[in-house]
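Single-letter residue listing:
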Amino acid sequence: MAGAYFTVGEVEALIPALEKIFVQVLQLRAGLRALGQKLDRAGVRPNADSDSEVEIDSGPPAVRQAKAVFRGLDEALNDELERIRALGGEVKDLELGLVDFLGTRNGEDILLCWKLGEKRLGFWHAVDGGFASRRPIDAEISSASSLD
């Protein structure tokens, strides 16, 4: 597994920034859901991934505007997710606010697992594991130094 390795302290130092980013992420997702429902009721399927200007420029003015706003919200959401990646985290679940950071335990690669709302980093799991296999941070992890 490639990437920078993190210690518990390094991830904990990122928690305030992660919380701020997730405030934006949750607001953007709520806006996307609401606008998506509005477009759906108008019989329009929102498509943030499309690069087709024809799709944005078709329909009544209110629908065109809603499509453009939807695309803007989606781009802003992707920008926020990129901010997390730039910090070294990998978003695992937007709804739960799960982010993993590469770490080590006894010389083995692991993932340090943070969940929105947790004020401290308390859990880790194997690289091939997931949220359900989280285990409490132990001395082998918390004493590890950064390897990058």
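Rules of the game
- Residues numbered from 1 in each chain as written.
- Predicted model: local features only at pLDDT ≥ 70, side-chain atom pairs only at ≥ 80, totals over all residues.
- Heavy atoms only, no water.
- Salt bridge = Lys/Arg side-chain N within 4 Å of Asp/Glu carboxyl O.
- Helix = DSSP H or I, 4+ residues; strand = E, 2+ residues; numbered from the N terminus.
- Buried < 20%, exposed > 50% of the residue type's maximum accessible area, 1.4 Å probe, protein only.
- Axes fitted to C-alpha atoms, helices over the stretch in contact; angles between N-to-C directions.
- Parallel < 35°, antiparallel > 145°, perpendicular 65-115°, else oblique.
- Left-handed = near helix turned anticlockwise from the far one by under 90°.

Attention shifts here to the pattern of salt bridges. Within this structure, the stated rule accounts for 10 salt bridges. Of the charged contacts in the structure, one is a salt bridge between Lys 92 and Glu 90, with a shortest N-O distance of 3.4 Å. A salt bridge links Glu 140 to Arg 105; the nearest nitrogen and oxygen atoms lie 3.7 Å apart. Of the two residues, Glu 140 is situated in helix α4 (residues 139-142) and Arg 105 in strand β2 (residues 98-105); the sequence distance between them amounts to 35 residues. Classification of Glu 140 by relative accessible area gives partly exposed; the value is 35%. Assessed through its relative accessible area of 23%, Arg 105 is described here as partly exposed. It is possible to trace a salt-bridge network through shared partners that takes in Arg 29, Arg 33 and Glu 95.

Here we come to the packing of helix α1 (residues 8-41) against helix α3 (residues 61-87). Where α1 meets α3, the axes come as close as 9 Å, and the angle between the chain directions of the two elements is 160 degrees. In terms of orientation, α1 lies roughly antiparallel with respect to α3. Here the hand of the crossing between α1 and α3 comes out left-handed.

Note that every value here comes from positions in space, so none of it alone points to a role or purpose.
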